[in-house]
Amino acid sequence: IWRLDSMACRNLVSPNMGVRFRMPLQKLHPLSRAIHHRYNASVTTPHRSAARHFTSMSRLPMQPPKPPPGGHGGWRYQQHRNFWMLRLASRLLKLRYIVLGSAVGGGYTAKKTYEEWKDMLPDMDEYNWVIPDFFWEMSKQIDLGEICFWIKWVLGDSRCVVRLEHLVALLSTHLSMSSDKEKVDQLQEELLRTQVKYQRMLERLERENKDLRKVVLQKDEKGIHQRKVKKSLIDMYSEVLDILSDFDSNYNTQDHLPRVVVVGDQSAGKTSVLEMIAQARIFPRGSGEMMTRSPVKVTLSEGPHHVAMFKDSSREFDLGKEEDLAALRHEIELRMRKSVKEGQTVSPETISLSVKGPGIQRMVLVDLPGVISTVTAGMAADTKETIFSISKNYMQNPNAIILCIQDGSVDAERSIVTDLVSQMDPQGKRTIFVLTKVDLAEKNLASPNRIQQIVEGKLFPMKALGYFAVVTGKGSAGESIDSIKDYEEDFFQNSRLLRDGMLKAHQVTTKNLSLAVSDCFWKMVRESVEQQADAFKASRFNLETEWKNNYPRLRELDRNELFEKAKNEILDEVISLSQVTPKHWLAILEKKLWERVSIHVIENIYLPAAQTMNSGTFNTTVDIKLKQWTDKQLPHKALEVAWETLQEEFARFMAEYKGKDQDDIFDKLKEAVKDESIKRHKWNETAMDSLRVIQHNTLEDRSITDKPQWDAAIQFMEETLQARLKDTDSVINDMAGPYWKQRWMSWTSRSPEQHICNETKKELERLLKLHEDHTAYLANDEVTTVRKNLEGRGVEVDPVLIKDTWHQLYRRHFLQKALHHCNLCRRGFYYYQRQFVDSELECNDVVLFWRIQRMLLITANTLRQQLINTEVRRLEKNVKEVLEDFGEDNERKVHLITGRRVQLAEDLMNRLLPILWKIIYIIVII
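In what follows, the accompanying structure is described. (Residues numbered from 1 in each chain as written. Predicted model: local features only at pLDDT ≥ 70, side-chain atom pairs only at ≥ 80, totals over all residues. Heavy atoms only, no water.)

**A few points about the overall build of the protein**
Scanning the protein from N- to C-terminus turns up 33 helices and 9 strands. Each of the 926 residues in the protein was classed as buried or not, and the buried ones make up 40%. Summing over all exposed atoms, the protein offers an accessible surface of approximately 53700 Å²; the carbon and sulfur share of this is 53%. (Helix = DSSP H or I, 4+ residues; strand = E, 2+ residues; numbered from the N terminus. Buried < 20%, exposed > 50% of the residue type's maximum accessible area, 1.4 Å probe, protein only. Areas by Shrake-Rupley, 256 points an atom, 1.4 Å probe, with all protein chains shown as cover.)

**Considering the pairing of strand β1 (residues 260-264)**
The buried fraction of β1 is high, at 5 of 5 residues. Burial of β1 is two-sided: the residues V260, V262 and G264 facing one way and the residues V261 and V263 facing the other way are all buried. By the bridge criterion, 3 bridges tie β1 to strand β6 (residues 363-367) in an arrangement that is parallel. Looking across to β6, one finds that V261 is bridged to V366. Of the strand pairs in this sheet, β1 and strand β7 (residues 401-407) are connected by 5 bridges, and their pairing is parallel. Residue pairing in the sheet places V261 in a bridge with I402 of β7. (Pairing = 2+ DSSP bridges.)

**Quick look at helix α13 (residues 417-424)**
Every buried residue belonging to α13 is among V417, T418, L420, V421 and S422, and all of these are buried. Buried residues along α13 sit in contact with β1, α12 (383-395), β7 and β8 (431-436). (Contact = heavy atoms within 4.5 Å.)

**Thoughts on the pairing of β6**
With 5 of 5 residues buried, β6 lies mostly within the body of the structure. Of the two faces of β6, the one lined by M363, L365 and D367 and the one lined by V364 and V366 are each fully buried. Relative to β6, strand β2 (residues 296-302) is paired through 5 bridges, and the arrangement is antiparallel. Opposite V298, over in β6, you have L365 as the bridge partner.

**Some thoughts on the sheet that holds strand β3 (residues 307-310)**
In space, the 9 strands of this open sheet follow the order β4-β3-β5-β2-β6-β1-β7-β8-β9, with mixed pairing throughout. What marks the edges here is a single partner per strand, and that holds for β4 (317-318) and β9 (466-469). In terms of strand pairing, β3 meets β4 through 2 bridges, oriented antiparallel. Residue A308 lies in a different strand from β4, and its bridge partner there is F317.

**Remarks on unusual backbone geometry**
The phi dihedral of Q279 is positive, around 65 degrees, even though this residue is not glycine. One can find Q279 in the loop between α10 (270-278) and β2. Even without a glycine there, the phi angle at K437 is positive, about 55 degrees. K437 sits in the partly exposed class, given a relative accessible area of 24%.

**Focus: the packing of aromatic side chains**
To describe a pair of aromatic rings, you give the distance between the ring centres and the angle between the ring planes. With the rule as written, the count across this model stands at 12 aromatic pairs. Taking the centre distance of 5.1 Å and the plane angle of 70 degrees together, the rings of F491 and F492 count as edge-to-face. An identical accessibility class is assigned to F491 and F492; each is buried. For the pair Y606 and F814, a centre-to-centre distance of 5.4 Å together with 55 degrees between the ring planes defines the contact as tilted. Residue Y606 is located in helix α20 (residues 582-610), and its partner F814 is located in helix α29 (residues 799-824); the two are separated by 208 residues in the primary sequence. Assigned by exposure class, Y606 and F814 land together as buried. Three or more aromatic residues joined by ring pairs make a cluster, and in this case those are W594, Y606, F716, F814 and F849. Positioned above the aromatic ring of F310 is the side chain of R335, whose terminal nitrogen or guanidinium carbon lies 4.0 Å from the ring centre. Its end group placed over the ring of F563, K893 keeps NZ or CZ at 5.6 Å from the ring centre. (Phe/Tyr/Trp six-rings, centres within 6.5 Å; stacked < 30°, edge-to-face > 60°. Lys NZ or Arg CZ within 6 Å of the ring centre and 35° of its normal.)

**A closer look at the state of the cysteines**
Working definition of a disulfide: a covalent bond connecting the sulfur atoms of two cysteines. Counting across every chain of the model gives 1 disulfide. Across the disulfide, C825 is cross-linked to C843 (sulfur-sulfur distance 2.1 Å). Note on the C825 and C843 pair: the S-S dihedral is about -100 degrees, so by sign convention the disulfide is left-handed. Of this pair, C825 sits in the loop between α29 and α30 (829-833) while C843 sits in the loop between α30 and α31 (844-888), and the two are 18 residues apart along the sequence. Like C825, the residue C843 is buried in the burial classification. Of the cysteine sulfurs around C822, a residue in no disulfide, the closest is that of C825, at 6.8 Å. (Disulfide = S-S within 2.5 Å.)

**Examining the nonpolar core**
Among the nonpolar cores identified, the biggest contains 100 residues, and L577, Y606, W629, W710, I852 and V879 are the most heavily contacted of them. By residue number, the principal contributor to this core is α31, which donates 17 residues. Sequence-distant contacts of Y606, defined by excluding residues within four places in its chain, comprise V601, M717, L721, F814, A818, D845, L848 and F849. In terms of nonpolar packing, the next biggest core, distinct from the first, is built from 46 residues, V262, L300, L319 and I351 among them. (Core = buried A, V, L, I, M, F, W, Y, C linked by side-chain atoms within 4.5 Å.)

**What about the packing of helix α25 (residues 707-736) against α31?**
Closest axis-to-axis distance for the α25/α31 pair is 8 Å, and the angle between their directions is 95 degrees. On the basis of their axis angle, the class for α25 and α31 is roughly perpendicular. For the pair formed by α25 and α31, the contact residues are Q709, W710, A712, A713, I714, F716, M717 and T720 on the first element and D845, V846, V847, F849, W850, I852, Q853 and L856 on the second. For the contact of α25 with α31, the residue count by class is 12 nonpolar, 3 polar and 1 charged. (Axes fitted to C-alpha atoms, helices over the stretch in contact; angles between N-to-C directions. Parallel < 35°, antiparallel > 145°, perpendicular 65-115°, else oblique. Nonpolar A, V, L, I, M, F, W, Y, C, P; charged D, E, K, R; others polar.)

**Overview of the pattern of salt bridges**
Applying the stated criterion across every chain yields a total of 40 salt bridges. When the shortest N-O distance is used, the salt bridge between R335 and D312 registers 3.1 Å. In this pair, R335 sits in helix α11 (residues 322-339) while D312 sits in the loop between β3 and β4, placing the two residues 23 residues apart along the sequence. In this structure, the salt-bridge partner of E456 is K458, at a minimum N-O distance of 3.3 Å. Salt bridges here are not isolated pairs; linked through shared partners, they connect E603, R724, D727 and R811. (Salt bridge = Lys/Arg side-chain N within 4 Å of Asp/Glu carboxyl O.)

**A word on α10**
Of all 9 residues making up α10, 9 are buried, and the element is well covered by its neighbours. Of the positions making up α10, those classed as buried are K270, T271, S272, V273, L274, E275, M276, I277 and A278. Looking one or two residues past α10, Q279 carries a phi angle of roughly 65 degrees, positive in sign.

**Focus on a nonpolar patch on the surface**
Among the surface-exposed residues, Y739, W740, W744 and M745 lie close enough to one another that they form a single nonpolar patch of about 590 Å² accessible area. With respect to the helices and strands, Y739 occurs in the loop between α25 and α26 (740-746). Judged by relative accessible area, which is 36%, Y739 ranks as partly exposed. (Patch = residues over 30% accessible without salt bridge, like charges linked within 9 Å, V, L, I, M, F, W, Y side chains within 5 Å.)

**Focus: the environment of A651**
Checked against the element boundaries, A651 lands in helix α22 (residues 634-658). Looking at A651, the relative accessible area reads 29%, which means it is partly exposed. Through-space distance from the C-alpha of A651 to that of K674 is 8.0 Å; in sequence the pair is 23 residues apart.

**Concerning the environment of Y394**
Of note, Y394 is situated in helix α12. Sequence spacing of Y394 and R259 is 135 residues, and the spatial spacing of their C-alpha atoms is 9.1 Å. Not counting residues within four places of it along the chain, the set of residues in contact with Y394 comprises V261, P295, T350, V366, L368 and A400.

**Some points on the environment of W522**
Within the fold, W522 resides in helix α18 (residues 510-550). For the pair formed by W522 and I234, sequence separation is 288 residues and the distance between their alpha carbons is 9.9 Å. A distance of 2.9 Å separates the side chain of W522 from the backbone oxygen of R362, its partner in a polar contact. (Polar contact = N/O pair within 3.5 Å; in protein donor to acceptor, adjacent residues only side chain to side chain.)

**As for the packing of α25 against helix α27 (residues 752-770)**
Their axes nearest at 7 Å, the elements α25 and α27 cross at an angle of 125 degrees. Between α25 and α27, the angle falls in the class oblique. For the pair α25 and α27, contact is made by I732, D734, M735 and A736 and by Q754, C757, N758 and K761, respectively. Class assignment of the residues belonging to the contact of α25 with α27 gives a composition of 4 nonpolar, 2 polar and 2 charged.

What follows is the structure, given as structure tokens:
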């Protein structure tokens, strides 16, 4: 039976069982060779007995049987009996060492043999295709442990069973590894199918939810619930950011509220990603050209209609209509170009835009100009530095979320923005990395593993909170958002990047990106808004303390309230102008009109007429010159005087009002209102024609009716001549220099020019004394005579100086004679009534001054009536219009009402207080 069992064992377990090829014997371990030869009858080994006695699989030799008592071996048995205890102890000690050595050596040898066998076995994964599929299916149904049990029971030989168990274990391990890999592949495919299935179900539910929310919002908008719809949380948050963007940087009040800052290299797809999040093609596009020239703040919120609106405009752009989309893109481009100053390429001024629509994630994003590496033709020299400065200014906010956009279709080493982002956020605690154009990247890259390295954060030194891969279209400007979404979804469903596990399902599509960015945004808002509120509370306390210390008796009035107060004061001053008495208007108008026309009357009318020989020629000359003067100059002069008088009185009333309790903070505003009102005021042109007729008729009248009028004309003439004589004497003194008394008393002396003029004056005075009736002009021979006389005394004089000196001397001589004649005519009214018949006295010059005086009085009275009845009211109307225009122009108000007091009140009332209330409201809602 033992032989049959051994043969069955040898036939069932062949030497090469479980191995595809025959292993050379020389490469096996000695112990393995012993095991091998033990079951191979054709090979004998000299180490067989050793292996039999010293291996853990051998048995100890059996002791010879004890002879029976009384046989021929009795002595020997007795001898053995005498020393059997020693031999037994020796055998036991030998057995202990044999067992211990066999256990240690056998265990170590078995472990080493197993490791060598394991290393020498080839990788059988490549040869799985050789084995038929039914074998693997059969292996799943066969219980190898049960088979081994039956083989053990049949064979009974422990040595054959050990090798069989070892080979069965190896075969089971190989089969389990192959089956595990197939299971993993099947599970991955099943997982992808399940993800696609639930993704579609989720999209269907989102569409239904979106439609339902749209219906609810439309009902609220129509007022079905009859309640006032409040501003959304994101709109209020955006208003806070707008106020903070214009806030003064005093008191260390900085804007640390979160917003999503979109940065990236030029043409990396920043704008396309933002458009996918906003679900509309709202930005101007260009092929390789810089289109984003200034920061664009986009506030995304949910609403019933897909519309867009600028912060400073009430127009809504319907994003569902292509013509409105084109108009919006054109308006954004115009605003960008308008914000860029001359000689610059980009601008730091922010354009604020809000986009509402169903299903849009709520957040605030800022699209920045793309980072460039080289300044090209047509750009300003500092364009690169300006873009870096703008980007750093937004990214240095410790609560700003940086959305770093990287173009996946170009080499990652060409990126500039990643280094910039690493500098601003080295730990990556607020950075989200987005790889765009993944479809082109997969097509162009030889190793897709490079994309996996990028989205796992292993290729760049930059760290980030999350990594996303998106596709924003095929590169056509005419693609719609829906077509881009479909293309993106189809690409990732069929892409090997997602199928092979290089990308995770939550890392792809712009929809997942927008959800992640929105969650990160509101998480950052919740964490930072309370700290920002505390900072503004501290700033408000500082401002209130400064106000109490500097303006303890003044009420806090912002710029608009101060403008209203100044407006009321100016209108009160204009109303006070209508209360000026007619007598005051008449006096100042007559005085100013004579000051304006007196030179013309004396120089161009009176003096030329006085050179005539008789009264008839005098009167004729006067009438002609008065007529010419009235037709051409006098009405214009009169209206100029009236307008200047109105301005002076207006300014006088404003100055008098200022002397009471007026705030000097309004001075600049009042001056601007006065100048603008005067500029707009146009005098009634029809008044000039009527005034010309009145003046002409008045000057033609020569009849003095009574003695008081005659005396008034005499007085007027005398005052005028004395004033002119005084002016003439002053001119002569300036020409000739100080007299001897002034030189001695004031220690002054004449200049060489004054000395020459003084000698010329003396010579001309001798000539005038000899010829008192001399004409107003010197003849050429008289000029030559005077010059030669002066040269005889050693004085070189210019003929022009002689004539100028003669003009002033003759004027003084004439005025002195006229004053003397005026005194003689004081008693000439009787002769005037008789028309100077039988009288040598002729007072036609007195009649001339009476006509001038009467013309001044009637003209002043006419202008006074026009001022009171028409022009003051028109000026008041102009002032109101100017104030209304100034009230609507915020820039002008900022320019005209300035000062630390105004800025302090503005910060307290219009900036910090609304910001605090809105931030507190946001904290409560969040």
